[in-house]
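So the chains spell out like this:
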Amino acid sequence: MTIDLARARADTPGTEAVLHFNNAGMALTPRPVIDAVKEHLDLEARIGGYEAADRAEPAVERVYDATAELIGAKREEIAIVENATRAWDMAFYAMAFKPGDRILTAVSEYASNYIAFLQVARRTGAVVETVPNDAKGQLDVAALERMLDGRVKLIAMTHVPTNGGLVNPAEAVGRVARAAGIPYLLDACQSVGQLPVDVGRIGCDMLSATGRKYLRGPRGTGFLFVRSDFIDRLEPPFLDLHAAKWTAPNRYELRTDARRFENWECNVAAKIGLGVAIDYALGWGMAAIGERVATLAQDLRDRLGAIRGVVLRDLGETTCGIVTFTKEGMAPTAIKEALAGQHVNVTTSSRHSTMLDMTQRQLDMVVRASVHYYNSENEVDRFARAIAALA
Ligand SMILES: *Cc1c(COP(=O)(O)O)cnc(C)c1O
């Protein structure tokens, strides 16, 4: 199956206004998602918010089935929360660590996750250790295996780092984690929606992702997957009357499904929008999306790599839709601003987001151009010309 580019662009009003290569920041929202969110807001204004939620229950409930279908999970293994960070936090902070416990992670780990590691290490006496990269620049699976011992209590890795095109070997890490019986938390924030992600094949116990990036959903949405036979090993760091039931004056009972990681109040319109966005992605098919994104990104890399002064900064054996680069004599922020003046969207990624990796590579900042399936070959061409013309 291939992507009908004309239809994809017609469904995406933003493509008329901008050349959007900031899909890893937030992708342009497709028409069905925009309509669903607006419709629900209108309904809330017309008949009342609680009443609107009752009427929209099937659409709200659909998000659990759609998410489960997207990642090969069961609906009761899905929690919908306000973003990927909170999803990840609800899993990570639910684990108990004691002094000397080891948390293993990757060089390209995301700042928010690493800050949480540091906080929990400080509180509990656990230690966080980084698995080195292999020669290709992704997590070295053999090194991970050598680091294992009885004190390793968690392997936590980012699937696709925020600052580069690499795809970490999530399945190989899953095999190692499974064989050793070690809990495995995958930050799939940048991979879900741009390539096929299947929790069964990966073998992770917990996975977090966001709505607004490659899934093209509304801002302020995210989800957490927790494997059903793992759920009871986690004590959610926060509880409320949705996550648990007050059953006697001094007793409560936790929900048995992953919604124990949710909280009661949420943006219902956005939640509906997330379900629509996932159904929309499933309509195209994740294999077709993944293939087009990877091809388009490789075209972009090839074009940029041929420009004098441009240095590509992507690592990894398998690359994806995120293309990072620098250009001699021009600061990444100046490149971003110059492009913005031409209605071309990119972002920059700084050392503060992925400190270990950027420090190791002696980089302070890179330009990040991230493509999606609705971007066109013509846009890749225009973008490459714009970069070449910058002085
Ligand atoms: C963007 C990003 C996050 C944070 O996602 P939010 O939805 O903003 O919380 C987490 N991890 C990685 C790797 C990211 O790129």
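Residues numbered from 1 in each chain as written. Predicted model: local features only at pLDDT ≥ 70, side-chain atom pairs only at ≥ 80, totals over all residues. Heavy atoms only, no water.

### Digging into the overall build of the chain
Reasoning step 1: Helices and strands together make up the secondary structure of the chain, namely 14 helices and 15 strands.
Reasoning step 2: For the chain, the spread of C-alpha atoms along the principal axes amounts to about 70 × 60 × 35 Å.
Reasoning step 3: Of all intrachain contacts in the chain linking residues separated by at least 6 positions in sequence, the fraction that spans at least 24 positions is 70%.
Reasoning step 4: In the chain, which carries 45 positive and 49 negative side-chain charges, the distance between the mean positions of the two groups comes to 4 Å. (Helix = DSSP H or I, 4+ residues; strand = E, 2+ residues; numbered from the N terminus. Contact = heavy atoms within 4.5 Å. Lys, Arg positive; Asp, Glu negative; His and termini not counted. Charge placed at Lys NZ, Arg CZ, Asp CG, Glu CD.)

### Focus: the pairing of strand E7 (residues 206-210)
Reasoning step 1: Buried residues dominate E7, accounting for five of its five residues.
Reasoning step 2: Here E7 shows two buried faces, one formed by Met206, Ser208 and Thr210 and the other by Leu207 and Ala209.
Reasoning step 3: Examined bridge by bridge, strand E6 (residues 184-187) and E7 share three bridges and lie parallel to one another. Of the residues in E7, the one forming a bridge with Leu185 is Met206.
Reasoning step 4: For E7 and strand E8 (residues 222-226), the ladder comprises five bridges, and the chain directions are antiparallel. When the sheet's bridge partners are listed, Thr210 is paired in E8 with Gly222. (Buried < 20%, exposed > 50% of the residue type's maximum accessible area, 1.4 Å probe, protein only. Pairing = 2+ DSSP bridges.)

### A word on the site of the ligand
Reasoning step 1: Taken together, Asn83, Ala84, Thr85, Tyr110, Thr158, Thr162, Asp187, Cys189, Gln190, Thr210, Arg212 and Lys213 make up the full set of residues adjacent to the ligand.
Reasoning step 2: Between Thr85 and the ligand, the recorded distance is 2.5 Å, taken from a side-chain N or O atom to an oxygen atom.
Reasoning step 3: Asp187 is positioned with one of its side-chain polar atoms (N or O) 2.6 Å from a nitrogen atom of the ligand.
Reasoning step 4: Its residues assigned to classes, the shell around the ligand shows three nonpolar, six polar and three charged. (Near = heavy atom within 4 Å. Polar contact = N/O pair within 3.5 Å; in protein donor to acceptor, adjacent residues only side chain to side chain. Nonpolar A, V, L, I, M, F, W, Y, C, P; charged D, E, K, R; others polar.)

### Details of the nonpolar core
Reasoning step 1: The biggest cluster of nonpolar side chains holds 85 residues, and the ones touching the most others in it are Tyr184, Leu207, Phe383 and Ile387.
Reasoning step 2: Counting only domains with at least three residues in this core, you end up with domain 1 (5-29 + 285-389) and domain 2 (32-283).
Reasoning step 3: Apart from residues no more than four positions distant in its own chain, Phe383 is found in contact with Leu19, Phe21, Leu300, Leu304, Phe325, Leu339, Val344, Val346 and Ala369.
Reasoning step 4: The next biggest cluster of nonpolar side chains, apart from the first, holds 28 residues, and it includes Ala91, Phe92, Val226 and Ala258. (Core = buried A, V, L, I, M, F, W, Y, C linked by side-chain atoms within 4.5 Å. Domains from an automatic or database assignment.)

### Regarding the domain arrangement of the chain
Much of the literature gives interface size as the accessible area that the parts lose upon coming together.
Reasoning step 1: Looking at the chain, the domain boundaries give domain 1 (5-29 + 285-389) and domain 2 (32-283).
Reasoning step 2: Relative placement of domain 1 and domain 2: their C-alpha centres are 26 Å apart.
Reasoning step 3: Domain 1 puts 44 residues into the contact, and the matching count from domain 2 is 37 residues.
Reasoning step 4: Across the domain 1/domain 2 interface, buried area totals approximately 3,200 Å², and carbon plus sulfur atoms make up 55% of it.
Reasoning step 5: The largest share of the area that domain 1 buries against domain 2 comes from Thr29, Met286 and Leu356, three residues that together contribute 19% of it.
Reasoning step 6: Between domain 1 and domain 2 we count zero salt bridges in total. (Buried area = accessible area lost by both parts, 1.4 Å probe. Salt bridge = Lys/Arg side-chain N within 4 Å of Asp/Glu carboxyl O.)

### Some remarks on a nonpolar patch on the surface
Reasoning step 1: Taken together, the side chains of Tyr50, Leu241 and Trp264 make up a nonpolar region of the molecular surface, amounting to roughly 420 Å² of accessible area.
Reasoning step 2: Relative to the helices and strands, Trp264 is located in the loop between strand E10 (251-254) and helix H10 (268-284). (Patch = residues over 30% accessible without salt bridge, like charges linked within 9 Å, V, L, I, M, F, W, Y side chains within 5 Å. Areas by Shrake-Rupley, 256 points an atom, 1.4 Å probe, with all protein chains shown as cover.)

### Focus on helix H2 (residues 31-47)
Reasoning step 1: Along its 17 residues, H2 runs 24 Å from first to last C-alpha, staying within 8% of the 24 Å computed at 1.5 Å per residue.
Reasoning step 2: Those residues of H2 not exposed but buried are Val33, Ala36, Val37, His40 and Leu43. Taken end-on, H2 shows its buried residues confined to a sector of 125 degrees, consistent with a single buried face. Away from the buried face of H2 by more than 90 degrees, exposed residues Lys38, Glu39, Ala45 and Arg46 are located.
Reasoning step 3: Residues of H2 that are buried make contact with helix H3 (49-55) and H10. (Expected span 1.5 Å × (residues − 1). Arc of directions from axis to C-beta.)

### So, the environment of Asp364
Reasoning step 1: Position of Asp364 among the secondary structure elements: in the loop between helix H13 (355-360) and strand E15 (365-370).
Reasoning step 2: According to the relative accessible area criterion, Asp364 is exposed, its value standing at 54%.
Reasoning step 3: Distance from Asp364 to Ala68, taken between C-alpha atoms, is 38 Å for residues 296 residues apart in sequence.
Reasoning step 4: In contact with Asp364, other than residues within four places in its own chain, are Ser349, Ser350, Arg351 and Met358.

### Some words on unusual backbone geometry
Reasoning step 1: A positive phi angle, near 60 degrees, is found at His343, a position not held by glycine.
Reasoning step 2: With respect to the helices and strands, the residue His343 is situated in the loop between helix H12 (332-340) and strand E13 (344-345).
Reasoning step 3: With a phi close to 55 degrees, Gln362 is a non-glycine residue in the positive phi region.
Reasoning step 4: Gln362 sits in the exposed class, given a relative accessible area of 74%.

### Concerning the sheet that holds strand E14 (residues 347-350)
Reasoning step 1: Spatially, four strands are ordered E11-E12-E15-E14 in an open sheet, and the strand pairing comes out antiparallel. Sheet topology places strand E11 (310-312) and E14 at the edges, where each strand pairs with a single neighbour. Here the strands of the sheet are splayed against their neighbours by 40 degrees on average, with no regard to which way each runs.
Reasoning step 2: In this structure, E11 lies alongside strand E12 (residues 322-327), joined through three bridges in antiparallel fashion. Bridging across to E12, Val310 finds its partner in Lys327.
Reasoning step 3: Strands E12, E14 and E15 of the sheet are contacted by H12, whose axis makes an angle of about 35 degrees with E15.
Reasoning step 4: Against the sheet, helix H14 (residues 377-389) makes contact with E11, E12 and E15, and its axis sits at roughly 15 degrees relative to E12, the strand it touches most. (Axes fitted to C-alpha atoms, helices over the stretch in contact; angles between N-to-C directions.)

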